[in-house]
Amino acid sequence: MAANLGIKEHSHGAGELPVSRLDVHGSFDVDAFPVPNGREEEWRFTPLRRLRGLHDGRDIKDGKVSVDVTAPEGVTHETAPSGDPRLGTSFLPTDRVSALAFRDFGSFGEATVVTVAVDAKPADPVFIKITGHEHGDAYGHVLVRAGRHSEATVVLEYAGDAVYADNVEFIVEDGARLTVISLQDWDRDAVHVGHQYTKVGRDAKFKSFVVTLGGDLVRLSPKVGYTGTGGDAELHGLYFSGEGQHHEHRSLIDHNISHTRSRVEYKGALSGEGAHAVWIGDVIIGEGTEGTDSYEHNRNLALTDGTRVDSVPNLEIFTGEVEGAGHASASGRLDDIHLFYLRSRGIPEDEARRLVIRGYFAELINRIEVPELRDRIMAEVEEKLAEHE
């Protein structure tokens, strides 16, 4: 079994409760997690029947998924078999799907390991493209390690057709800067349950952009913890849920060390009958910590009738020495005042709607420092808008 660095192990006596209800037990043992039935808090928003067996591990049909890596100078990549001691060192699975993915990914291929050398500052991004070729179930594993004082951008793209679950580890060593753009651009029938586990070192910075546009059901769970003071994490997300799509994002920031910072910002739009978006934002500020600065918020635009949004921010604080902490959530329709302003200047209603929504997403998209991705993401957002005009 893999060793775990910076992971808290919990043991409680009879009648004792965990310090936080958000800080659940973790295990690599699949049998430590009962098969979900949909009544559990962590699964109550997820339509289990649409997971097609990913949550119970039965009736698995061999899927075919390929992983292609393009790496600039200063970055190496390799494959690693199940059991490689580098894998699973930064996390413990916190649900059954994550544990199944860790146990069984070797049956469908090898893990992908990407290493940014110490002090390296590659000018170009690392591209990791995961493509499903057959609509069968498959598991995967990716490990990205940013060496001390390195600076790198990683683009993690999912495409094609698959029923897929994976664990992705991001280890940001002391003084490093790692930016990750995770693009879920699956074919319309794909199912993806992903876990992204990040450890942020002393004076290191991690920034992620999660963009979810495709798939039938996509459920992503980014989790961040710290291994040194001065760690900084920013999690940005964008999703556009169309007719019948289920997009679920469940972030957890664990401020387990003093003098750490986090910002979480997710924006979504929904259009079409049965479109369903779920955002769960959990933050723990641990007992005995000092100087933590944390804020999270989620905004959603419901563009048509027949959509559903579930937005739940959670903040648990176990210390009085907090620099800042807060959360916010808002969901609603387009602002009639904005539309009236544009229409009063002769802009047709459909074009006015596109302009308002473009501006809503552009603030986040423009922060992505890969120009070709910015243009592509905005073009795909506008395609989805056009589908329901």
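You'll find the structure just up there.
If you're wondering where the values come from, they're calculated on a predicted model, not measured in any experiment.

J.: What am I meant to see in the overall build of the protein chain here?
T.: Scanning the protein chain for helices and strands turns up 4 helices and 18 strands. Put simply, of all contacts in the protein chain between residues at least 6 apart along the chain, 87% involve residues at least 24 apart. Taken as a whole, the protein chain presents about 16200 Å² of accessible surface, with 46% of it coming from carbon and sulfur.

J.: Help me understand empty space enclosed by the protein, please; the structure alone is not making it clear to me.
T.: Which parts of space are left empty comes out when a probe the size of a water molecule is rolled across the atoms. Going through the model one piece at a time under the given rule, you end up with 1 cavity of 30 Å³ or more. Its volume calculated, the largest cavity comes out at about 50 Å³. If you go around the largest cavity, the residues you meet are Phe170, Gln196, Thr198, Phe206, Ser208, Pro222, Lys223, Val224 and Leu235. Among the elements of the structure, strand S9 (191-200), strand S10 (205-212) and strand S11 (217-226) are those that each provide at least two residues to the lining of the largest cavity. Sorting elements by how many residues they give to the lining of the largest cavity places S11 first, with 3 residues. Tallied by class, residues from the lining of the largest cavity come to 5 nonpolar, 3 polar and 1 charged.

J.: How should the nonpolar core be read in this particular structure?
T.: It is characteristic of soluble globular proteins that their nonpolar side chains tend to be buried jointly. The biggest cluster of nonpolar side chains holds 75 residues, and the ones touching the most others in it are Ile128 and Leu178. Per element, the largest residue contribution to this core is 7 residues, and it comes from strand S7 (residues 163-172). Beyond its immediate stretch of four places on either side in the chain, Leu178 contacts Val144, Ala146, Ala152, Val154, Phe170, Val172, Lys205, Phe206 and Lys207. Listed in part, the 24 residues of the second largest apolar core include Leu238, Tyr360, Ala362 and Ile377.

J.: Explanation requested: helix H1 (residues 96-104) in the structure shown.
T.: Most of H1 sits out of view: 8 of its 9 residues are buried. Considering only its buried residues, H1 is in contact with strand S5 (137-146), S7 and S9. The N-cap of H1, judged by a side-chain oxygen 3.1 Å from the amide nitrogen of Val97 a few residues on, is Asp95.

J.: Looking at this model, I keep getting lost on the pattern of salt bridges. Mind explaining?
T.: For the structure on display, the rule yields 24 salt bridges. Notably, a salt bridge pairs Asp84 with Arg86, separated by 3.0 Å at the nearest N-O pair. For Asp84, a relative accessible area of 14% puts it in the buried group. Taking relative accessible area as the criterion, Arg86 reaches 29% and is therefore assigned partly exposed. In this structure, the salt-bridge partner of Arg308 is Asp310, at a minimum N-O distance of 2.8 Å. Look at Asp310 and you get buried, because its relative accessible area is 13%.

J.: Whenever I open this one, the packing of aromatic side chains confuses me. Can you help?
T.: The geometry of an aromatic ring pair is captured by the separation of the ring centres together with the interplanar angle, meaning the angle of the planes. Across all of its chains, the model carries 12 aromatic pairs by this definition. Measuring from centroid to centroid gives 6.1 Å for Tyr164 and Trp186, while their planes differ by 50 degrees, and the two rings are tilted. Taken as a pair, Tyr164 in strand S7 and Trp186 in the loop between strand S8 (177-184) and S9 lie far apart in primary sequence, 22 residues in all. Classification of Trp186 by relative accessible area gives buried; the value is 4%. Here the aromatic rings of Phe240 and Phe361 are separated by 6.3 Å at their centres, their planes lie at 40 degrees, and the arrangement is tilted. One end of the pair, Phe240, is in strand S12 (residues 232-241); the other, Phe361, is in helix H3 (residues 349-365), and 121 residues separate them in sequence. Summarising the burial analysis for this pair, Phe240 and Phe361 share the class buried. By the ring-pair criterion, three or more aromatic residues cluster together here, those being Phe28, Phe91, Phe102, Phe105 and Tyr197. Its guanidinium or amino end placed over the ring of Trp43, Arg219 lies 3.8 Å from that ring's centre, counting from NZ or CZ. The side chain of Lys267 reaches across the aromatic face of Tyr360, ending 5.1 Å from its centre.

Cut-offs applied
- Sequence order as written defines residue numbering, which begins from 1 separately in each chain.
- In keeping with the model being predicted, local features are shown solely for residues with a pLDDT of at least 70 and side-chain atom pairs are shown and tallied solely at 80 or more, while totals for entire chains, interfaces and linings include all residues.
- Based on all heavy atoms of the structure, the side-chain values leave hydrogens and waters out of the count.
- For helices the rule is a DSSP run of H or I covering at least 4 residues; for strands it is a run of E covering at least 2, with both sets numbered from the N terminus onward.
- Throughout, a residue-residue contact means that at least one pair of heavy atoms, one from each residue, lies within 4.5 Å.
- In this description, accessible areas are obtained by the Shrake-Rupley approach with a 1.4 Å probe, and a residue is regarded as covered only by the protein chains that are shown.
- Using a grid of 1 Å spacing that covers the protein atoms alone, one calls a set of points a cavity when a 1.4 Å probe fits there but cannot get out, and a pocket when the set is open and has protein on both sides within 12 Å along at least five of seven lines; lining residues are those with an atom within 4 Å of a point.
- Grid points are joined across faces, edges and corners, and a volume is the space filled by probe spheres set on the points.
- All residues other than Ala, Val, Leu, Ile, Met, Phe, Trp, Tyr, Cys, Pro, Asp, Glu, Lys and Arg, Gly among them, are scored as polar; the first ten of these are nonpolar and the last four charged.
- Nine residue types can take part in a nonpolar core, namely buried Ala, Val, Leu, Ile, Met, Phe, Trp, Tyr and Cys, and a core is a set of them joined through side-chain atoms within 4.5 Å.
- Each residue is placed in one exposure class: buried if its accessible area under a 1.4 Å probe, protein chains only, is under 20% of its type's maximum, exposed if it is over 50%, and partly exposed if it falls in between.
- Here a polar contact is taken to be a pair of N or O atoms separated by no more than 3.5 Å, where protein atoms must pair a possible hydrogen donor with a possible acceptor and residues adjacent in sequence count only if both atoms sit in side chains.
- The term salt bridge refers to a side-chain nitrogen of Lys or Arg lying within 4 Å of a carboxyl oxygen of Asp or Glu.
- Side-chain rings of Phe, Tyr and Trp, where Trp is taken by its six-membered ring, are said to pair if the distance between their centres is within 6.5 Å; with planes under 30 degrees apart they count as stacked, over 60 as edge-to-face, and otherwise as tilted.
- For a lysine, the NZ atom is tested; for an arginine, the CZ atom; a charge sits over a ring if that atom is within 6 Å of the ring centre and within 35 degrees of the ring normal.

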